[in-house]
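The residues making up each chain are set out below.
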Amino acid sequence: MVSWIYRNMISKDLQVLNKLGLHARAAAKVVFIANKFISEITLVKDNKQADARSIMKILMLSASKDSIINITIQGDDEIQAMNSIEKLFK
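Residues numbered from 1 in each chain as written. Predicted model: local features only at pLDDT ≥ 70, side-chain atom pairs only at ≥ 80, totals over all residues. Heavy atoms only, no water.

1. Examining the overall build of the chain
Here is step 1 of the chain: Secondary structure assignment for the chain yields three helices and four strands.
Here is step 2 of the chain: Structurally, the chain occupies a C-alpha span of about 50 × 25 × 20 Å along its principal axes.
Here is step 3 of the chain: Burial status across the chain gives 39% buried among its 90 residues.
Here is step 4 of the chain: As displayed, the chain has an accessible area near 6100 Å², and 54% of this comes from carbon and sulfur atoms.
Here is step 5 of the chain: Between the mean site of the 13 positive side-chain charges and the mean site of the 9 negative ones, the chain shows a separation of 9 Å. (Helix = DSSP H or I, 4+ residues; strand = E, 2+ residues; numbered from the N terminus. Buried < 20%, exposed > 50% of the residue type's maximum accessible area, 1.4 Å probe, protein only. Areas by Shrake-Rupley, 256 points an atom, 1.4 Å probe, with all protein chains shown as cover. Lys, Arg positive; Asp, Glu negative; His and termini not counted. Charge placed at Lys NZ, Arg CZ, Asp CG, Glu CD.)

The following block contains the structure:
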């Protein structure tokens, strides 16, 4: 027997405030934070998606200063993960 568990996810739009955008060092910080949590964390910009655990995919978003990034998180620690990501962006 297969049982399915449907979980809600949380999503929030965050603005890139860093004057250099989401460059290598900033992307590395996102990856570092994402790896602290078990939840799936996805960044979306202009219909391009990036797993928050992949620095290369984050860099391919080409998120410059003032870009809006949609953060979607799904998992048991999604609220804590969102709080940490949001704190980093601010």
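2. Regarding unusual backbone geometry
Here is step 1 of the chain: Phi at N47 is positive, roughly 65 degrees, even though this residue is not glycine.
Here is step 2 of the chain: Mapped onto the elements of the fold, N47 is located in the loop between β2 (40-45) and β3 (48-51).
Here is step 3 of the chain: Judged by its relative accessible area of 78%, N47 is exposed.
Here is step 4 of the chain: Even without being glycine, D66 reaches a positive phi, approximately 75 degrees.
Here is step 5 of the chain: The topology assignment puts D66 in the loop between α2 (55-59) and β4 (68-74).

3. Observations regarding the pattern of salt bridges
Here is step 1 of the chain: In this structure the tally under the stated criterion is four salt bridges.
Here is step 2 of the chain: Notably, a salt bridge pairs K65 with D66, separated by 3.4 Å at the nearest N-O pair.
Here is step 3 of the chain: Sharing partners across several salt bridges, the network here consists of K12, E86 and K90. (Salt bridge = Lys/Arg side-chain N within 4 Å of Asp/Glu carboxyl O.)

Note that every value here comes from positions in space, so none of it alone points to a role or purpose.
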